Amino acid sequence: MPGWWEAKPDSRLSQGDIILGVPVVIALHQLAQLQKNKGETLWRESSTWTPNKEGVGNLISRGRVVPVIVLSHDCEIDKPESKARIGVAPLALITNLGDEERTKVLAQHRISKMPLPDVPTLGSHYADLRLITSVDRIFLDTSNRVASLSEDGLGRLRLQLIAFYTRLNAESHRA
């Protein structure tokens, strides 16, 4: 799958960028809020939901700090002063998959797992579209951007997203 990567990462945050060290988290079930008492440095679990005036509270969650691929379109992220959240998908090493699954992913027969061959400095990975989330832009602006998809790679990403969300026949989205 040659031609997927630009020679060096784009200077601006863009769709298709690979960024290292981004936290991807999910709240645990049962919902458990954390509260901080005034003057204390420790958080304690609370059984009541008491968000701030913007409706945001602190929750117990689980997560990983992993490489991600930016999924939001450039027109959504081209304003650096915006406080927008950016859609991303976490990456995993392709070698973490069993032989049969890895073969299917590399052959582009799994719409939920987009192969990302030979990511510069990282090696071959896949993006798990079942784990798409959004992160605060500050994580992407302050982390290490290691690669940017080429126009061919971006086309492939967009086709994969269409297939994933619409459940088109897997054959119709292969590049």
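Residues numbered from 1 in each chain as written. Predicted model: local features only at pLDDT ≥ 70, side-chain atom pairs only at ≥ 80, totals over all residues. Heavy atoms only, no water.

Explain the overall build of the protein chain to me, using residue names and the numbers behind them.
Helix and strand content of the protein chain: four helices and 10 strands. Each helix (α) and strand (β) of the protein chain, taken in turn from the N terminus, gives the series β-β-β-β-β-α-β-α-β-β-β-α-β-α. Dimensions of the protein chain, computed from the C-alpha atoms along their principal axes, are close to 55 × 35 × 30 Å. Counting over 175 residues, the protein chain shows a buried share of 37%. (Helix = DSSP H or I, 4+ residues; strand = E, 2+ residues; numbered from the N terminus. Buried < 20%, exposed > 50% of the residue type's maximum accessible area, 1.4 Å probe, protein only.)

Tell me what's going on with the sheet that holds strand 4 (residues 58-59), and back it up with residues and numbers.
One open sheet accounts for three strands, arranged 3-2-4; its pairing is antiparallel. Because the sheet does not close on itself, it has two edges, and the strands there are strand 3 (43-46) and strand 4. (Pairing = 2+ DSSP bridges.)

Tell me about the pattern of salt bridges, and name the residues and values.
Oppositely charged side chains may form a pair once their charged atoms are brought near each other. On inspection of all chains with the given rule, the structure shows eight salt bridges. Of the charged contacts in the structure, one is a salt bridge between arginine 145 and aspartate 17, with a shortest N-O distance of 3.6 Å. One end of the pair, arginine 145, is in strand 10 (residues 145-148); the other, aspartate 17, is in strand 1 (residues 17-27), and 128 residues separate them in sequence. Judged by its relative accessible area of 1%, aspartate 17 falls in the buried class. Where arginine 130 meets aspartate 128, a salt bridge forms, and the shortest distance between an N and an O atom there is 2.9 Å. (Salt bridge = Lys/Arg side-chain N within 4 Å of Asp/Glu carboxyl O.)

Run through the side chain of serine 46, naming residues and quoting values.
Residue position: serine 46 is located in strand 3. Judged by relative accessible area, serine 46 falls into the buried class, the value being 10%. Engagement of the side chain of serine 46 in a polar contact is seen with the side chain of glutamine 35, the distance being 3.5 Å. Aside from chain neighbours lying at most four places away, what touches serine 46 is Gln33 and Gln35. (Polar contact = N/O pair within 3.5 Å; in protein donor to acceptor, adjacent residues only side chain to side chain. Contact = heavy atoms within 4.5 Å.)

If you had to explain the packing of aromatic side chains to someone new, which residues and values would you point to?
All told, the structure shown has one aromatic pair when counted by the stated rule. Ring plane angle 70 degrees and centroid distance 5.1 Å describe the contact between phenylalanine 164 and tyrosine 165, whose orientation is recorded as edge-to-face. Classification of phenylalanine 164 by relative accessible area gives buried; the value is 11%. Given the relative accessible area of 57%, tyrosine 165 is considered exposed. (Phe/Tyr/Trp six-rings, centres within 6.5 Å; stacked < 30°, edge-to-face > 60°.)

Any details on a negative patch on the surface? Residues and values, ideally.
The grouping of Glu6, Asp10, Glu151 and Asp152 at the surface amounts to a negative patch. Residue placement: aspartate 10 occurs in the segment before strand 1. (Patch = residues over 30% accessible without salt bridge, like charges linked within 9 Å, V, L, I, M, F, W, Y side chains within 5 Å. Areas by Shrake-Rupley, 256 points an atom, 1.4 Å probe, with all protein chains shown as cover. Lys, Arg positive; Asp, Glu negative; His and termini not counted. Charge placed at Lys NZ, Arg CZ, Asp CG, Glu CD.)

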